[in-house]
Amino acid sequence: MPTPRDLARRNGTLVAGLVLVGLWIATALAAPWIAPHPPDRIDLLAVLQPPSAGHWFGTDQLGRDVLSRVLHGGATVLAIAPAATLLGLALGTAVGLAAACAGRRADEAVMRVLDAVMAFPVVVLAMLVLAFLGAGTGNVILIVALVFAPLVARTVRAAALAEVRKEYVQAARLRGEGIFYVMTMEILPNVRGPLAVEGTVRLGYAVFTSATLGFLGLGVQPPSPDWGLMVSENQGLLTTAPWTILFPALAIALVVAGLGLAADGIKEILDP
Amino acid sequence: MSVPVLQFDSVTISYRRRARWLPAVRDLSFAIAAGEAYGMVGESGCGKSTAALAAMRFLPRNARLEDGRIDLLGRDLWALPPAELRRLRGERVSMVYQNPAGALNPSLTVGAQVAEVFRHHRGLDRRSADEAAVDMLARMRIADPARVAGLYPFQVSGGMQQRAVIAMALATEPDLLVLDEPTTALDATVQAEILDLFAELRRTRSTALLFISHNLDVVRRICDRIGILYAGELVEEGDAARVLARPRHPYSAALAACLPRPGQRKGGRRLATLSGTPPDPADLPGGCAFAPRCPSARPDCNAAAPALAPAGPGRLVRCPYPLDGPDPHVSPGPAAAERPGRSEPLLSLRGLGHRIGKVDILRRIDMEIHSGETFALVGESGSGKTTLARVVAGLAAPDTGGVTLDGVPLAGHARRRTADQRRAVQMVFQTPDTTLNPSRRVASIVGRAVRVLGGRRGRERRERVAELLGMVRLPAPVASSRPGRLSGGQRQRVAIARAFAGTPRLVILDEPTSALDASVQAAVLNLLLDLQAEGGAAYLFISHDLGVVRYVADRVAVMYLGELVEVGPTERVFAGPHHPYTAVLLAAAPGADAALRPVEGKAAGPSERPAGCAFHGRCPHALDRCTVEEPPWRPTAGGHAIRCWIAPDRLAPAHEPPRPRRADGAS
């Protein structure tokens, strides 16, 4: 096994990605102490100021400091994305493993249902959930997880199908092992690789999707500082005060890029 | 003497591993003259394939020529400018690999691929290239070559694919053909045809062959001279027939002795084995590389590395104490006692059938296995052997008929059988790479079987795991390893331990040694026979290697297209009279004489089963009746029966047993 130091030397992509994401997490955690202003302090005397020494990222139309809001805004996204990804991975893995192990007819049925779910546009699904359950952080997590689960299920099923045919699984069946044991103890450990890659890729998309939901006003409600929401609130100012949009958008892009790099790095380790 | 086609002169080739250069081929010198066939033999990891690649300067990027020089047609390969090297490779040398499917482009027809070689290298125009391609396929003895030329690779059989690859290789009329295990992936009957083809090519053109194989019988049939490689060094070289009949180096002797000889039975002598594995190039022993495994090693063998020295005409041996005649040391151990297996049947199959869609994979199988006996199943691939094993094991349900254990019907799926029935019937699979869960440790793999099949927990369970690992002769530390760190033979031993966890009464062995080197195969077979002698389990032994079957089996059944065609005690089945299909199988064994080979013919698939006797299309004795009516079982003597319209006494009494030329003096 290579040591972590070996990895760092050989896998610059992974290290760059992890550093980028790590910086954002640190920023989000430290925001209350390092932000120059409270994120929702309204200052009507200083609305729509361009970046200056007092407000590095400028101010929005209520005079709130954009830098402070960007620093605080990371917390929601960085909490929602991993939670949603984990939930999506758990749901998808369970469905994918069950489909692969259950036999051809059940497999067909499950996969067709998943196709139908995936054919649903994200936004329509989000509207549907919100109509029934209302807006809020928990429901954003649920929506993102539901959107991801079929994609994860497909990946896991494909990897598991390759394993199910192998002789060690037949040996387990010869011992009379139940399907749950075969799924969790025999097959799951051998689909960890694809699962890890899928997880990191999904994490990036989760940031993106939750920001999209925020932009559409379906997620976190104002006046909470949320990157997607900030872009949405200020979209009318794109030409007059671009800094109100540029900085939260850049933040989203940097986190997604960091996660993308990390995903590539992990893929490189798992199948060089 | 003219310039040799290929000459290695003190060649050392190293691979880079963790910033160190480790030698895979060491100080290797040999030469192949025009028209000569040179065989190169050794266990996996002894440098055979590296030498083959170096002969075309095709070394992978992490390998380099350390020392020495390789001359191809008198030109130093490593001093050639790239353009000339390319031309030499394209026109004067060709290579055929183990897997024909990988060498063919799936989106071009066979004919187009052969024609391309003619266009490219011989400068023929499209039409004459197509004609030349068909002509070449005809010379590969492909029936109806014009039709085959229009087919895509996936539409023809593996043997046909390999012939197409060989046709491509020969289209440039090369001076040297490098063959790396060209028949290993093929069925015995197809292998026999390809080997005949090589033998004919040798007669009709003066192509030199470098033939890499781990199968000594195949090498003996094809090659004039043979070089035996151990740990990257040539340990013996000489005339192929003489070296294999009377090996002088202890390693050659051990390799030759690992194969069962005709007439050798488990009741008689044990198979000679070769313990251990070739040394890792990272820590080669100081003296003779083979000394740690050598049964006749002396103290001074570890002191200095021996040199290759002449030993008789055209013979080189790297051993200061060469053997004279067969080595007395390599027939160790008392033989397992032969078990008479007469009693109530343990397992019986009645009218068993299995189909996939509308195709009969198994058809009306009746057979019985008695306690403690070894019942072997032989036949070509696609004959249904593995399906039969899966039905008995409870991995596939029969569609008609059924399986009984001690007279009690067994459920079609293992999960619906009782715990006792599951414990009684276990299986060892074919592929060492996938038989164990790669993410679990050996202790956990065997431990789970001990718990589920043996019903033991806690300390008892750990003790039983240790006991089982001891039974399969694995060192205790293996328990904490994951399968990725074990060799193929060790993995197969773990799989055997797993099958024996609950003291089984019938163990299904599906080609348990076909993926292993001959030396490892002998050790695993000995282990299986020891376990049988101790515990009295019956074996259902599936194999395509008739030599192995003859050695281990008490009774043999021959399968063709999902039906049994012959059943009987091993010696009677091998002595004859034979079912015409059995005769084909026996003649196809690589050791058999080519002159005895009956007519060829492609096996029909199960979806195109002919009416009447399924074998009549390939049968040299077929009568009109065979094409319409299914043949009856006819007993000969002593429990031997043949399913054929021709009376047993009119069937060919006996060919020579397989590997007849092996019998020279050594046994």
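Secondary structure summary: chain A contains 11 helices and zero strands in total. The N-to-C order of helical and strand elements in chain A reads α-α-α-α-α-α-α-α-α-α-α. Expressed as lengths along the three principal axes of its C-alpha atoms, the size of chain A is roughly 75 × 50 × 30 Å. In chain A, which comprises 272 residues, the share counted as buried stands at 44%.

For chain B, the count of helices and strands is 20 helices and 24 strands. Its C-alpha atoms give chain B a radius of gyration of 26 Å, within 12% of the compact-globule value 26 Å for 667 residues. Along the three orthogonal principal directions, the C-alpha set of chain B runs to about 75 × 65 × 45 Å. The long-range share in chain B, meaning contacts at least 24 apart out of those at least 6 apart in sequence, stands at 67%.

As a further point, take the interface of chain A and chain B. Listed by partner, the interface residues are 13 residues for chain A and 21 residues for chain B. Ranked by the residues each element gives to the side of chain A that touches chain B, the list is headed by helix H7 (residues 167-174) of chain A, at six residues. The residue makeup of the side of chain A that touches chain B, split by class, is four nonpolar, three polar and six charged.

Let us look at the packing of helix H14 (residues 442-454) of chain B against helix H16 (residues 488-499) of chain B. Two packed helices can be described by the angle between their axes and the distance between those axes. Residues and elements named next belong to chain B. The N-to-C vectors of H14 and H16 enclose an angle of 25 degrees; their axes lie 8 Å apart at closest approach. When the axis of H14 is compared with that of H16, the two are roughly parallel. Residue-level inspection shows Val442, Ile445, Val446 and Ala449 of H14 in contact with H16, the latter providing Val494, Ala497 and Arg498. Looking at the contact of H14 with H16 residue by residue, the classes come out as six nonpolar, no polar and one charged.

Our next topic: the environment of Arg122 of chain B. All names here are of chain B. With respect to the helices and strands, Arg122 occurs in helix H4 (residues 110-122). On the neighbour-count criterion, Arg122 (14 C-beta atoms within 10 Å) is partly exposed. In sequence terms Arg122 and Arg265 are 143 residues apart; their C-alpha atoms lie 54 Å from each other.

Looking now at the environment of Leu516 of chain B. Residues and elements named next belong to chain B. Tracing the backbone shows Leu516 in the loop between strand S19 (506-510) and helix H17 (518-535). Overall, Leu516 belongs to the buried group, with 22 C-beta atoms counted inside 10 Å. Distance in space between the C-alpha atoms of Leu516 and Ala132 is 40 Å, their sequence separation being 384 residues. Sequence-distant contacts of Leu516, defined by excluding residues within four places in its chain, comprise Gly488, Gly489, Gln492, Gln521 and Val524.

Residue and element names in this part refer to chain A. Every buried residue of helix H8 (residues 179-187) is accounted for by Val182, Met183, Glu186 and Ile187. The arc that holds every buried residue of H8, seen down its axis, measures 120 degrees, which confines them to one face. If you follow the buried residues of H8, they end up packed against helix H3 (66-101), helix H6 (137-164) and H7.

A word on the environment of Thr435 of chain B. Locating Thr435 of chain B in the fold gives a position in the loop between strand S18 (425-428) and H14. It is 9.2 Å that separates the C-alpha atoms of Thr435 of chain B and Val494 of chain B, two residues lying 59 residues apart in sequence. Discounting residues that sit within four places of it in the chain, Thr435 of chain B has contacts with Glu167 and Tyr168 of chain A together with Phe429, Arg491 and Ala495 of chain B.

Counting residues in hydrophobic clusters, the biggest one holds 271 residues, and the most contacted among them are Val114, Leu210, Phe211, Val446, Leu506 and Leu540 of chain B. If you tally residues by element for this core, the top one is H3 of chain A, at 15 residues. Ignoring anything within four residues of it in the chain, the contact list for Leu210 of chain B reads Leu6, Ile32, Tyr38, Met40, Ala52, Ala55, Leu176, Val178 and Leu179 of chain B.

The next point concerns the confidence of the model for chain B. Residue and element names in this part refer to chain B. Averaged over chain B, the pLDDT score is 84; the fraction of residues at 70 or greater is 91%. Long-range and interchain partners of residues 327-341, a stretch whose pLDDT sits below 50, account for 36 contacts in this model, where long-range means more than four residues apart. Every residue in residues 654-667 scores below 50 in pLDDT, and together they form 35 contacts with partners more than four places removed in sequence or on other chains. At the level of chain-chain contacts, confidence expressed as ipTM amounts to 0.78, with global pTM at 0.77.

Here the focus is the confidence of the model for chain A. Summary statistics for chain A give a mean pLDDT of 86 and a share of 96% for residues scoring 70 or more. Across chain A, H7 of chain A holds the top mean pLDDT of 93, while helix H1 (residues 4-10) of chain A sits lowest at 64.

Residues and elements named next belong to chain B. Taken together, eight strands build an open sheet; the order of strands is S18-S19-S20-S15-S21-S22-S24-S23 and the sheet is mixed. Among the strands making up the open sheet, the edge pair consists of S18 and strand S23 (633-635). Going across the sheet, the axis of each strand differs from the next one's by a mean of 20 degrees, ignoring polarity. Here strand S22 (residues 563-569) pairs with strand S24 (residues 641-643) via two bridges, running antiparallel. The residue bridging Glu566 from the neighbouring strand is Ile642, located in S24.

Another point: the sheet that holds strand S4 (residues 63-72) of chain B. Strands in a sheet are paired, the pairing made by backbone hydrogen bonds, and the direction either parallel or antiparallel. Residue and element names in this part refer to chain B. One open sheet accounts for four strands, arranged S2-S1-S4-S5; its pairing is antiparallel. Strands at the two margins of the open sheet, each flanked by one partner only, are strand S2 (20-32) and strand S5 (75-76). Relative to S2, strand S1 (residues 6-17) runs antiparallel, the two being bridged by nine bridges. By the bridge assignment for S2, Arg16 is matched with Trp21.

We now examine the pairing of S19 of chain B. Residues and elements named next belong to chain B. Among the five residues of S19, five are classified as buried, and the element is accordingly described as predominantly covered. Along S19, one buried face is formed by Leu506, Ile508 and Asp510 and the opposite face, lined by Val507 and Leu509, is buried too. Sheet topology places S18 next to S19; four bridges connect them, and they run parallel. Considered in S19, the bridge of Gln426 is made with Val507. Note: S19 against strand S20 (residues 538-542), five bridges, orientation parallel. From the neighbouring strand, Leu509 faces S20, where its bridge partner is Phe541. Where the polypeptide runs from S19 across H17 and back to S20, its parallel neighbour, the crossover connection is right-handed.

Rules of the game
Residues numbered from 1 in each chain as written. Chains lettered and ligands numbered in written order. Predicted model: local features only at pLDDT ≥ 70, side-chain atom pairs only at ≥ 80, totals over all residues. Helix = DSSP H or I, 4+ residues; strand = E, 2+ residues; numbered from the N terminus. Buried ≥ 20, exposed ≤ 12 C-beta atoms within 10 Å, placed from the backbone. Rg over C-alpha atoms; globule rule 2.2 N^0.38 Å. Contact = placed C-beta atoms within 7 Å. Nonpolar A, V, L, I, M, F, W, Y, C, P; charged D, E, K, R; others polar. Axes fitted to C-alpha atoms, helices over the stretch in contact; angles between N-to-C directions. Parallel < 35°, antiparallel > 145°, perpendicular 65-115°, else oblique. Arc of directions from axis to C-beta. Core = buried A, V, L, I, M, F, W, Y, C linked by C-beta atoms within 7 Å. pLDDT = per-residue confidence, 0-100. Pairing = 2+ DSSP bridges. Right-handed = clockwise from strand over helix to strand, strands pointing away.

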